[in-house]
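Notes for the structure review
Chain residues, written in single-letter form:
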There are 2 protein chains.
Amino acid sequence: MKQPIIGILGGLGPAAGADLFQKIIENTIATCDQDHLSVALLSYADIIPDRSTYINDATQADPVVQMYAIMELLQRCGATVAAVPCVTAHAYPVIGRLAAQMQAANFDTKLLLMPQETASFIKKTAPHIQKVGALGTIATRKHRLFYDALIAEGITPVYQSDEIQDLVQAAIFNPEYGIKAVSYPVHPQARLHLETAIAYLKAEGAEAVILGCTELPLAITEPWLMDVMMIDPTLALAKALIQAVAPHKLKA
Amino acid sequence: MKQPIIGILGGLGPAAGADLFQKIIENTIATCDQDHLSVALLSYADIIPDRSTYINDATQADPVVQMYAIMELLQRCGATVAAVPCVTAHAYPVIGRLAAQMQAANFDTKLLLMPQETASFIKKTAPHIQKVGALGTIATRKHRLFYDALIAEGITPVYQSDEIQDLVQAAIFNPEYGIKAVSYPVHPQARLHLETAIAYLKAEGAEAVILGCTELPLAITEPWLMDVMMIDPTLALAKALIQAVAPHKLKA
């Protein structure tokens with residue numbers, strides 16, 4: 001199996017991996033099965049210790065041990081490029097260390113990073129945009145995953161208040177209405193919290209808002225909301241992965 | 001990695017693999033990522049020669065060579081149970097031979113078969129049903145994949161005419177409006193052809209109709225249509241796979 005293969009380290013959570021895979025299919029130019037790209041998706045949700053717990057407290061179980069083992073499996077499956085469809089995991093204690101370990105071991109598999117691919121996607125597709133907000137988990141905000149990636153592309157981040165951050169956190173994690181608990185379809189309460197957060201960022205001057213947790217695009221599927229451009233990091237990642245293995249097959 | 005893992009040999013086509021994975025997620029009892037099951041999905045669409053072409057003409061490229069290699073990879077990924085989300089491929093020249101080769105090599109991975117799991121699903125969930133139709137490709141019809149599986153469960157198959165079969169084939173394969181070419185969303189013409197076929201089977205006495213090609217449930221998402229029960233083999237397979245690795249996590 002010598003052709004390029006896209007690897008997905010999924011399971012964080014499973015729905016985000018399914019969403020990335022579907023977006024790869026949807027954005028590939030193809031009229032028959034054989035036109036589609038090879039994808040290996042390992043969604044070992046039940047063996048990877050919770051990354052948010054570990055990022056908050058490094059004495060807890062380290063997810064990188066299992067994630068590295070899964071990356072080795074993806075390499076064995078022939079993955080030439082790979083990604084982890086979970087923004088939070090990109091904080092240094094998890095994907096930062098994973099990437100360093102892969103580099104030290106001379107992996108054949110090139111790892112693409114969601115925050116960087118998202119900022120680069122905005123720069124490429126909407127170069128006029130100057131101010132961008134980013135919704136995501138507490139860890140994503142604290143570790144400045146999108147903010148630093150945006151600044152690196154010359155874009156000014158727009159920040160939310162702690163109160164707004166609490167609403168976003170609840171929209172993702174609330175055990176009764178959070179997107180992680182209720183995904184198909186998303187609960188209206190989760191959607192409402194996110195609309196409040198987007199209105200806040202718009203008032204602060206954001207021209208675009210990154211739906212910066214892989215669960216959020218399941219709740220906000222519109223490309224524009226309140227005249228603000230919605231940016232789906234999973235879509236940006238899907239396009240970057242196709243670009244990496246077969247640029248001529250990437251839909252415009 | 002010693003816990004049970006579900007293997008999916010995808011890519012025939014890619015959307016069917018994504019659909020099976022999503023149905024496994026949706027039918028698993030879970031309130032957090034770690035409650036979900038481990039799934040390995042290898043969707044190597046571009047390296048597997050077309051199975052329909054081979055079933056029609058055994059002098060063409062044999063897909064079983066690559067499918068066996070992928071099954072070996074799934075076994076290495078720890079898959080304890082596996083399935084191929086493509087009904088047509090279950091004809092003897094493809095999955096019949098694949099299963100025989102796996103058995104001869106003493107695979108650790110148990111292969112579940114879609115037609116058998118579908119018939120068993122009908123028997124379990126709607127034991128009163130006596131007459132069932134099955135829509136699918138020409139090969140699925142010719143090789144009696146569902147008909148023989150239904151008979152084995154004591155259910156009487158309802159057959160369609162050649163004219164109706166032509167409509168179903170076009171709904172799947174037409175390069176302009178077929179589901180393989182246009183999946184998200186499905187083209188209305190494909191849907192219309194399938195409605196005509198379901199009405200025909202109902203008139204012939206069918207109480208349920210198997211949407212017996214993995215692309216068809218993308219077009220017919222209703223559980224009942226024209227008072228006929230719609231049976232989704234991908235859903236039946238998803239439930240059988242969960243049942244095989246973690247019966248206590250299977251949603252009712």
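In case you missed it, the structure is sitting above this.
First, a word on scope: everything that follows refers to the structure included in this document. This is a predicted model, so every value here is computed, not measured.

Some thoughts on the overall build of chain A
Helix and strand counts for chain A come out as 11 helices and 9 strands. Its C-alpha atoms give chain A a radius of gyration of 17 Å, within 12% of the compact-globule value 18 Å for 252 residues. Its C-alpha atoms give chain A principal-axis dimensions of about 50 × 45 × 35 Å. Expressed as a percentage of its 252 residues, the buried residues of chain A come to 60%. With 18 positive and 24 negative side-chain charges, chain A shows a spacing of 6 Å between the two charge centroids.

Some words on helix α8 (residues 162-173) of chain A
Residues and elements named next belong to chain A. Counted at 1.5 Å a residue, the expected span for α8 with its 12 residues is 16 Å, and the 16 Å between its end C-alpha atoms agrees. Listing the buried residues of α8 in full gives Ile164, Gln165, Val168, Ala171 and Ile172. Looking straight down α8, one finds its buried side chains confined to an arc of 120°; they lie on one side. Facing away from the buried side of α8 by over 90 degrees, the exposed positions are Glu163 and Asp166. On the buried face of α8, the contacting elements are β5 (131-135), α6 (138-142), α9 (188-203) and α10 (216-219).

Examining the pairing of strand β9 (residues 228-231) of chain B
Residues and elements named next belong to chain B. Covered by surrounding structure in β9 are Val228 and Met230 together with Met229 and Ile231, the residues of both alternating faces. When strand β7 (residues 208-211) meets β9, the two strands line up parallel, connected through 3 bridges. Across the sheet, Val209 pairs through a bridge with Met230, a residue of β9. Pairing of strand β8 (residues 224-225) with β9, which is carried by 2 bridges, proceeds in the antiparallel orientation. Residue pairing for β9: Leu225 is matched across the bridge by Val228. Where β8 folds back onto β9 in an antiparallel hairpin, the turn is made up of 2 residues, including Met226, whose phi is positive at roughly 55°.

Remarks on helix α1 (residues 14-26) of chain B
Here α1 of chain B is 13 residues long and its end C-alpha atoms lie 19 Å apart, about the 18 Å a rise of 1.5 Å per residue gives. Counting buried residues along α1 of chain B, 12 of its 13 residues qualify, which places the element largely inside the surrounding structure. Within the sequence span of α1 of chain B, burial applies to Pro14, Ala15, Ala16, Gly17, Ala18, Asp19, Leu20, Phe21, Gln22, Lys23, Ile24 and Ile25 of chain B. Tucked inside the fold, the buried residues of α1 of chain B contact α1 (14-26) and β2 (38-44) of chain A together with β1 (5-10), β2 (38-44), α10 (216-219) and α11 (233-245) of chain B.

Things to note about the sheet that holds strand β1 (residues 5-10) of chain A
Ordered in space as β4(A)-β3(A)-β1(A)-β2(A)-β2(B)-β1(B)-β3(B)-β4(B), the 8 strands form an open sheet in which the pairing is mixed. Strand pairing shows two members of the sheet lacking a second neighbour, β4 (110-111) of chain A together with β4 (110-111) of chain B, which therefore form its edges. Sheet analysis places β1 of chain A next to β2 of chain A, joined by 6 bridges and oriented parallel. The partner of Gly7 of chain A across the bridge, within β2 of chain A, is Ala40 of chain A.

Considerations on the nonpolar core
By size, the foremost hydrophobic cluster in this structure holds 81 residues, and its most contacted members are Ile6, Ile24 and Leu241 of chain A together with Ile6, Ile24 and Leu241 of chain B. The contacts of Leu241 of chain B, once residues within four sequence positions are left out, are Ile6, Leu20, Ile24, Val81, Ala82, Ala83 and Leu112 of chain B. Leu42, Val84 and Ala139 of chain A together with Val64 of chain B belong to the second largest nonpolar core, which has 62 residues in total.

Description of the environment of Asp46 of chain B
For Asp46 of chain B, the location among the structural elements is in the loop between β2 and α2 (51-56). Between the C-alpha atom of Asp46 of chain B and that of Leu12 of chain B, which follows or precedes it by 34 residues, the distance is 9.7 Å. A polar contact is formed between the side chain of Asp46 of chain B and the side chain of Ser38 of chain A, at a distance of 2.4 Å.

The rules behind the values
Residues numbered from 1 in each chain as written. Chains lettered and ligands numbered in written order. Predicted model: local features only at pLDDT ≥ 70, side-chain atom pairs only at ≥ 80, totals over all residues. Heavy atoms only, no water. Helix = DSSP H or I, 4+ residues; strand = E, 2+ residues; numbered from the N terminus. Rg over C-alpha atoms; globule rule 2.2 N^0.38 Å. Buried < 20%, exposed > 50% of the residue type's maximum accessible area, 1.4 Å probe, protein only. Lys, Arg positive; Asp, Glu negative; His and termini not counted. Charge placed at Lys NZ, Arg CZ, Asp CG, Glu CD. Expected span 1.5 Å × (residues − 1). Arc of directions from axis to C-beta. Contact = heavy atoms within 4.5 Å. Pairing = 2+ DSSP bridges. Core = buried A, V, L, I, M, F, W, Y, C linked by side-chain atoms within 4.5 Å. Polar contact = N/O pair within 3.5 Å; in protein donor to acceptor, adjacent residues only side chain to side chain.

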